[in-house]
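Chain by chain, the residues:
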Amino acid sequence: MPTLHAPTAAVDRARAGWPAWRDARIARVTGPEGNLALVETIWGARVEDHPGSVPIQRRDLVTGGVEHGVRRFDADSPANRHFAGIDAYPFDPAWVVEARFVPQDLPRQVAFEHLRDNGLTRDLAVPGDILFTLDGVDYALDAFDDDGTLLLVFGDETNGVTSYGAGRFLIVPRAPGADRVVLDFNQAYVPPCGFSGQYNCPMPPRQNRFRRPVTAGEKLPLFRGGFQAH
């Protein structure tokens with residue numbers, strides 16, 4: 001079990017907020033621009049050529065230049081029509097864990113491999129180390145800055161067995177200047193690429209892989225009629 005438990009008040013808040021978080025996840029993935037609604041990603045396209053689409057950009061891994069494109073969403077997508085929920089582990093207070101956060105004076109760039117980049121990596125800004133001990137093993141996790149939010153991409157021994165094979169995501173709330181963070185693994189969630197093959201998700205780097213199963217949080221999306229998200 002985790003060796004550094006969160007304060008009782010934090011565990012109580014996590015338990016009380018878990019049902020609402022589950023409901024919000026369903027609303028988010030099934031929304032008009034939710035993960036299930038993404039039906040097409042077109043690089044090199046312009047929004048004006050695809051009315052109703054959403055502009056996106058990425059950095060070309062070979063040239064380093066910025067590449068523009070669009071995403072097209074359909075609220076009545078096959079994935080949305082066949083969606084039956086998200087399987088999850090029961091809430092477990094033992095997986096509400098307190099950790100130390102050690103900030104960097106300047107965010108360091110950490111290489112993350114993405115699911116559809118054929119083994120190449122993209123550097124993402126990591127503002128500090130998340131440190132804690134689990135079953136006698138010391139971890140120093142890298143959560144990257146996702147538009148001002150700490151996003152932890154992690155793997156564990158449930159991946160490909162009871163949870164999504166490529167790993168899971170976890171938002172890590174942090175108050176400005178705080179040297180402690182709470183990791184509520186009950187809110188670990190299936191990344192966007194688990195709902196649509198049009199996403200290119202970052203994968204857990206070696207330092208973010210647990211040497212045991214993390215039996216908390218979401219497992220897998222559920223679909224009716226044998227539908228496959230990819």
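As a reminder, the structure under discussion sits directly above these lines.
Model, not experiment: these values are computed from the prediction.

Draft legend 1. The overall build of the chain, seen in detail. When you go through the chain residue by residue, the secondary structure sums to two helices and 11 strands. Put simply, the chain runs from its N terminus to its C terminus through helices and strands in the order α-β-β-β-α-β-β-β-β-β-β-β-β. In terms of overall size, the chain behaves like a compact globule, its C-alpha atoms giving a radius of gyration of 18 Å where 230 residues would be expected to give roughly 17 Å. For the chain, the C-alpha atoms occupy an extent of roughly 55 × 45 × 30 Å along the three principal directions. For the chain, restricting intrachain contacts to residue pairs at least 6 apart in sequence, the fraction spanning at least 24 positions comes to 69%. A total accessible area of about 11,500 Å² is found for the chain, and carbon and sulfur atoms account for 51% of it. Of the charged side chains in the chain, 24 are positive and 29 negative; the average position of the first set lies 3 Å away from that of the second.

Draft legend 2. Representation of the side chain of Asp117 in the model. Along the chain, the position of Asp117 falls in the loop between β5 (96–113) and β6 (121–134). A relative accessible area of 7% means that Asp117 is categorised as buried. At a separation of 2.7 Å, a polar atom in the side chain of Asp117 contacts the side chain of Arg122. If sequence neighbours within four positions are ignored, Asp117 has contacts with Leu61, Arg122 and Asn200.

Draft legend 3. Layout of the packing of aromatic side chains. What the rule picks out here adds up to 12 aromatic pairs. Summarising the aromatic geometry, the rings of Phe223 and Phe227 are spaced 5.3 Å apart at their centres and angled 55° between planes, so their arrangement reads as tilted. Residue classification places Phe227 among the partly exposed residues on the basis of a relative accessible area of 21%. Every member of this aromatic cluster is reached through a ring pair, and the members are Trp95, Phe132, Tyr139, Phe154, Phe185 and Phe210. In this structure, Arg58 packs its charged tip against the face of Trp43, placed 4.0 Å from the ring centre.

Each value, and the rule that gives it
Residues numbered from 1 in each chain as written. Predicted model: local features only at pLDDT ≥ 70, side-chain atom pairs only at ≥ 80, totals over all residues. Heavy atoms only, no water. Helix = DSSP H or I, 4+ residues; strand = E, 2+ residues; numbered from the N terminus. Rg over C-alpha atoms; globule rule 2.2 N^0.38 Å. Contact = heavy atoms within 4.5 Å. Areas by Shrake-Rupley, 256 points an atom, 1.4 Å probe, with all protein chains shown as cover. Lys, Arg positive; Asp, Glu negative; His and termini not counted. Charge placed at Lys NZ, Arg CZ, Asp CG, Glu CD. Buried < 20%, exposed > 50% of the residue type's maximum accessible area, 1.4 Å probe, protein only. Polar contact = N/O pair within 3.5 Å; in protein donor to acceptor, adjacent residues only side chain to side chain. Phe/Tyr/Trp six-rings, centres within 6.5 Å; stacked < 30°, edge-to-face > 60°. Lys NZ or Arg CZ within 6 Å of the ring centre and 35° of its normal.

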